[in-house]
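# Analysis of the macromolecular model
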Amino acid sequence: MMDTFENTLAFAQQCDQSDELNCYQQQFLFPKHKGQPVIYFTGNSLGLQPKIAQDYVNEVMQTWADYAVDGHFHTENPWWSYHERLASPVAKIVGALPEEITVMNTLTVNLHLLMVSFYKPTVQRFKIICEEKAFPSDQYMLNSQFRFHGFDPKEALIEVKKRAGETFWRTEDILQTIETHKNELALVFIGGVNYYNGQVFDMKTITEAGHKAGAFVGWDLAHAAGNIKLNLHDWGVDFAAWCSYKYMNSGPGNASGVFVHQKYLGKKDISRFEGWWGHDKPTRFLMEPEFIPMPNADAWQLSNASILSLAPYLASLQLFEKAGMDALIEKSKNLTAYLEFILKQTHDYQTFFELITPEERGCQLSLLIKKNGRKVFAYLSQNGVVTDWREPGVIRLAPTPFYCSFEQMFRFGEIFRAAVKEIG
Ligand SMILES: *Cc1c(COP(=O)(O)O)cnc(C)c1O
């Protein structure tokens, strides 16, 4: 980690020169503003397109044209096992064994499917702990699960709140909530990185505490996968799921990844919704009525895979394989620290914004703009900076290490200070 930053173009360019991942910027397609690539801070929402993605999609289209149904089995990369090519690179990104990973469907769909296995409420144990104001889809998912099982969401959902006047959750408050409800707790389910303030939760400690209370522990890793260091297997997490179109650059609405811990694999007696793609591969096409599960997380698959969506995802994973998650995280820490430094070069910045992201963070910084936030947001976008806006006054900035540079952070600083001068 660098400790002395300078707010100069020369310093930023020097950082880029000594950054071994700088070359990856060339591997992505940037939207343009007045003929120049934008500064793209919304990789936490939709990652940029890797240039090689198109080739992977074209290959599938060509196979379909040339081989049609034979594309399933009789080609170099047959479709019936195409999804298996994603398990190992995804496992490295999230700290799992390849057999603990499967890629399918989309995130909210997968969370519902995982609830079938890991939300097993009884009259005594039916509560779920999550963070207050979880991502809306997660709230809808949990509430509809409660109703499906005949429980009242108001009684069954325990939300851990932030303390008055604070902008982040305290681990001790989560542990205390688990302790308080330990006899009624079925599941702890939290977003591993909060989408709003960018906070990284202490997943290891919380997972341990949930287990000690006799509950399952699962994580929504939409903002964590491809962003921060994860060790899902070693932490003993029961299950997790994430989307791939944010930090994993797989394309809009693309497939979700699922982690199921090794201890649940190869089991016939686990409750699970099943389909033919989860059936043991060697005997799948005997079309027998009895379901024999795949020995790995693929047992949770239902349908034959969406090959056209897996193709650009696989392309993106090649870049992760080459760059390596550890190197990406190292750069992410430096780049995010530099962005924070740059933001704080704004004259009298405390009167203008509050950084609501705590120290425990990935690459996202969330700024609560105290005045005229929407105008600042508009000014940035009119000047080639893509950020996003969350009510009531938050601008989120995610300098993703794959395609953001130190020079861009410097240039952003100039635009940001101009915005403050004009609007703040
Ligand atoms: C982005 C995001 C989602 C999106 O869900 P989809 O099913 O992919 O539309 C869900 N949960 C969280 C926490 C997210 O950040």
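Residues numbered from 1 in each chain as written. Predicted model: local features only at pLDDT ≥ 70, side-chain atom pairs only at ≥ 80, totals over all residues. Heavy atoms only, no water.

### What about the domain arrangement of the protein?
Where we set the bar: Start and end positions for the domains come from either an automated domain assignment or a database one. Throughout, a contact is declared for two residues whenever any of their heavy atoms are within 4.5 Å. A 1.4 Å probe defines the accessible area here, and the buried area is the portion of it lost by two parts on being joined, summed over both. Every case where a carboxyl oxygen of Asp or Glu lies within 4 Å of a side-chain nitrogen of Lys or Arg is listed as a salt bridge.
Domain boundaries in the protein define domain 1 (9–30 + 325–423) and domain 2 (56–322). Computed from C-alpha atoms alone, the centre-to-centre distance between domain 1 and domain 2 is 30 Å. With 26 residues of domain 1 at the interface, the matching set in domain 2 holds 19 residues. Between domain 1 and domain 2, a total of about 1,900 Å² is buried, with carbon and sulfur atoms accounting for 59% of that surface. The tally of links between domain 1 and domain 2 comes to one salt bridge. In this structure, Asp326 engages Lys229 in a salt bridge whose closest nitrogen and oxygen atoms are separated by 3.1 Å.

### A word on the pattern of salt bridges
In plain terms, the rule: Any residue under 20% of the maximum accessible area for its type is buried, any over 50% is exposed, and the rest in between are partly exposed; the area is computed with a 1.4 Å probe on protein chains only.
Tallying each qualifying case throughout the model produces 20 salt bridges. Note that Arg163 and Glu172 form a salt bridge whose closest N and O atoms lie 3.6 Å from each other. A residue is classified by how much of its surface remains accessible, and Glu172, at 45% relative accessible area, is partly exposed.

### Let's talk about the site of the ligand
We apply this condition: Here, proximity means that at least one heavy atom of the residue falls within 4 Å of the molecule or strand. Here a polar contact is taken to be a pair of N or O atoms separated by no more than 3.5 Å, where protein atoms must pair a possible hydrogen donor with a possible acceptor and residues adjacent in sequence count only if both atoms sit in side chains. Surface accessibility in these figures is a Shrake-Rupley result with a 1.4 Å probe; residues are shielded only by whichever protein chains are displayed. All amino acids are sorted into three groups, where Ala, Val, Leu, Ile, Met, Phe, Trp, Tyr, Cys and Pro are nonpolar, Asp, Glu, Lys and Arg are charged, and the leftover types, Gly among them, are polar.
Close to the ligand lie Leu107, Thr108, Phe135, Asp138, Asp220, Ala222, His223, Tyr245 and Lys246, which account for all nearby residues. Interatomic distance of 2.9 Å between a side-chain N/O atom of Asp138 and a nitrogen atom of the ligand. Residue Lys246 places a side-chain N or O atom 2.6 Å away from an oxygen atom belonging to the ligand. Notes on the ligand: free accessible area 390 Å², of which the protein chains cover 84%. For the shell around the ligand, the per-class residue count stands at four nonpolar, two polar and three charged.

### What about the environment of Gln408?
Inclusion rule: What counts as a helix is a DSSP run of H or I of at least four residues, what counts as a strand is a run of E of at least two, and both are numbered from the N terminus.
Note on placement: Gln408 falls in helix α14 (residues 406–423). We classify Gln408 as buried; its relative accessible area is 6%. Measuring from C-alpha to C-alpha, the distance between Gln408 and Gln13 comes to 9.4 Å, with 395 residues separating the pair along the chain. In this structure Gln408 touches Gln25, Phe30, Val38, Ile39 and Tyr403, once residues within four positions along its chain are discounted. Here Ser405 takes part through its backbone nitrogen, which lies 3.0 Å from a polar atom of the side chain of Gln408.

### Notes on the packing of helix α2 (residues 53–67) against helix α11 (residues 307–323)
Each pair of packed helices gets described by two things: the angle between the helix axes and the distance between those axes. Our working definition: Only the stretch in contact is used when a helix axis is fitted, and all axes are lines through C-alpha atoms; the angle between N-to-C directions ranges over 0 to 180 degrees. Put simply, a crossing is left-handed when the front helix is turned counterclockwise from the back one by less than a right angle, and right-handed when it is turned clockwise.
Running from amino to carboxyl end, α2 crosses α11 at an angle of 145 degrees, the nearest separation of the two axes being 8 Å. Where α2 crosses over α11, the handedness of that crossing is right-handed. The segment α2 lies against α11, with Ala53, Tyr56, Val57, Val60 and Met61 engaging Ile307, Leu308, Ala311, Pro312, Leu314, Ala315 and Gln318. Grouping the constituent residues of the contact of α2 with α11 by class yields 11 nonpolar, one polar and no charged.

### Quick notes on helix α12 (residues 325–343)
Condition: Multiplying 1.5 Å by the residue count of a helix minus one yields the expected span of that helix.
The end-to-end C-alpha distance of α12, which contains 19 residues, comes to 26 Å, matching closely the 27 Å that a straight helix rising 1.5 Å per residue would cover. Summarising burial for α12: 14 of the 19 residues are buried, a large majority.

### Brief notes about the sheet that holds strand β16 (residues 388–390)
For clarity, the cut-off: DSSP-based pairing: two strands are paired if at least 2 bridges between them are found.
Judged by pairing direction, the sheet is antiparallel, and its four strands sit side by side in the order β13-β14-β17-β16 without closing on themselves. The sheet terminates laterally at β13 (353–355) and β16, the two strands that pair on one side only. The average angle at which neighbouring strand axes cross in this sheet is 30 degrees, direction not considered. Direction of pairing for strand β14 (residues 365–369) relative to strand β17 (residues 394–397): antiparallel, over a ladder of four bridges. Looking at the pairing, Leu368 lines up with Val394 of β17.

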